[in-house]
Amino acid sequence: ELARKGDGRIVIASLHQPNHETFKELDILLLLAKGRQVYFGPAAEVEAYFAKCGFVCPKGLNIADYMLHIVSDLACLRDILTAEDEMTSIINLGGKEKRAEDEEEDDEDLKQSLDNLWQVEMYRPKTDELNVLIIRSFKQIWRRPMLLRLQLVLSLIASLFSIVMFRHMERNIAGIQNRLGFFFFQLAFFGFAGISSTDLILEERSIFLREIHGKFYSQITYFLSKVIVDGLMLRVLPMLIFDVLVYWSIGLREGAGHVLVFFVTTILFSLGTGALSVAVTLGSKTGGVASLGIILLLLFSILFGGFLSNAGSIPEWIGWCQYLSVYYQAMGAVVSNEVRGTTITTTLSRGLEITVNADDVLQKIQFAVQPNVASYIGALTLLYIGWVVAGYISMKVFFKVNG
C-alpha cells in the first residue's frame, strides 16, 4: 500500500519464505545465502536467472520456495556461484570486480569458504536449536491463544461439575462407587481432550517441511520442542488446575504421599494421551483421519481398562493388551492409592452395619490388584516414552523429509 501511493516512497522489506502473492509484489530482489549475494535484480527475472544457471523451476511451483530450496543446498549453491557466465555479476569482493586471471584462484577460495560455513552450520549445538524452537512454540501459542484458553476454560468447567457431583464422598459403598465414577470421568475427559492438538500440528506441516529442507534445524529438535510445549501448556497445566481445584473439595484421601501419587499419575496420564495424539496425527494426512485414529485407540484402551469387564473374564490370548492401556495403568494407580488400606462400611437390610476391608473387595473384583502403585506409575512412564518414540518414528516415515 505504501508503494502504491505514488509519492516516491521506496519500501524495503526483509522476507523469509514469502508466498506467491507476496513475491509477485516485489520489484527488486536481493537474494542472500550463506552470507553471500546470489542474485540482485528485477524479481520477475529471477526465474530466468536460475534457469540460466541450470536450475529450472518446475511448472506450478512457487519460485520463492524453489529458489530457497536450491540455495539451501551446498552443491546447488556452489554451482550457481561458480557459473561462468554469471561469475562477474554475483561475486563481488570489497566492491571491486574480479580480474579474469584471478578467477580460478578465487573460485577455489570461495569453495573452501562455503565448505567452512557448511561445517559450522552442520555442527551447531542441538541445545541452541531446541531453545529457539521452544521459545517460538511458546510464542505461537501466545499469539494464537484460543486453544490454550479453551483447554483451561473446559478444565475449570469440568472441575466445577465434579465438585457439584462428587463432593463429601464417604467411606461406604456409595462413596466407593462415586470415587470410581469420578476417576473414570476425569481420565476420559482429559484423554479425549488430547485430540485438540491435531489441527495445530497439521497446519504446521508445510512450514516444517520447508524449514527442514532449508536446514534451519534438525527433525529431532523440532519434534522435542513440540512434545515439550504441547505437554506443558496443553496437558500438564489444565490437569494441574483441575487436580488442585477438585482433590480437597470432594474429599479424596488425605496425606502428602497420597496427594503426590494422585497428581503424578494424572499428569503422566495426560502426557501419555497427548503423546498418543501427537503420534497418530504425525502419521495422518488429514485431521479427520487423525481424530478417528485417536478415538479408536482411546476406546480400545478404555475397553481394556479393567473397569468395564472383569479381568478374569478376558481371554488369555488377548489379556496382555491391558498392560498397553493408559487407562488400565492410570485407574489402577489412582484406585489403589485411594482405596487400599482403608475399610468400607455398609448397612444390610435389617439395619446391621458391617465393615469390609477394601483390599479384599478389590481382590475379589480383580481391579487395581497391584498393591504397589509404583508399578502402575512406572508403566505409565514407559507408555509415555513409547508414544513419544512412536511419534518421532511416525514423523520420519510419513512426513517424507530428506536429510
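For the structure itself, consult the block above.
Below, the discussion takes up the packing of helix α9 (residues 173-193) against helix α16 (residues 326-339). The interhelical angle for the contact between α9 and α16, taken along N-to-C directions, is 145 degrees, at an axis separation of 11 Å. In the crossing of α9 with α16, the sense of the turn from one axis to the other is right-handed. Between α9 and α16, the contacting residues are I176, R179, L180, F183, F184, L187, A188, G191 and F192 on the first element and Y327, A330, M331, V334, V335, E338 and V339 on the second. Per-class residue counts for the contact of α9 with α16 are 13 nonpolar, one polar and two charged.

Per the stated rule, a full pass over the model turns up three salt bridges. A salt bridge links R179 to E338, with the nearest nitrogen and oxygen atoms 2.8 Å apart. Here the residue R179 occupies a position in helix α9, and E338 occupies one in helix α16, the gap between them amounting to 159 residues. When its relative accessible area of 2% is taken as the criterion, R179 is described as buried. Where E204 meets K226, a salt bridge forms, and the shortest distance between an N and an O atom there is 2.9 Å. With E204 in the loop between α10 (198-203) and α11 (205-213) and K226 in helix α12 (residues 219-246), this pair connects stretches of sequence that are 22 residues apart.

Okay, the nonpolar core next. As a rule of thumb, soluble globular proteins bury nonpolar side chains together. Residues F182, F183, I250, L252, F262 and V335 are the most contacted members of the largest nonpolar core, which totals 49 residues. Among the elements that line this core, the one with the most residues is helix α13 (residues 256-282), at 10 residues. Setting aside residues no more than four positions away along its own chain, F182 makes contact with S162, F166, F242, V246, I250, L252 and F262. Y39, C53, A64 and Y66 belong to the second-largest nonpolar core, a separate cluster that totals 23 residues.

Nonpolar side chains collect at one region of the surface, where L382, I385, V389, I393, V397 and F398 lie side by side and expose about 570 Å² of accessible area between them. In this structure V389 comes out as partly exposed when scored by relative accessible area, which is 45%.

What counts as what
- Residues numbered from 1 in each chain as written.
- Predicted model: local features only at pLDDT ≥ 70, side-chain atom pairs only at ≥ 80, totals over all residues.
- Heavy atoms only, no water.
- Axes fitted to C-alpha atoms, helices over the stretch in contact; angles between N-to-C directions.
- Helix = DSSP H or I, 4+ residues; strand = E, 2+ residues; numbered from the N terminus.
- Left-handed = near helix turned anticlockwise from the far one by under 90°.
- Contact = heavy atoms within 4.5 Å.
- Nonpolar A, V, L, I, M, F, W, Y, C, P; charged D, E, K, R; others polar.
- Salt bridge = Lys/Arg side-chain N within 4 Å of Asp/Glu carboxyl O.
- Buried < 20%, exposed > 50% of the residue type's maximum accessible area, 1.4 Å probe, protein only.
- Core = buried A, V, L, I, M, F, W, Y, C linked by side-chain atoms within 4.5 Å.
- Patch = residues over 30% accessible without salt bridge, like charges linked within 9 Å, V, L, I, M, F, W, Y side chains within 5 Å.
- Areas by Shrake-Rupley, 256 points an atom, 1.4 Å probe, with all protein chains shown as cover.

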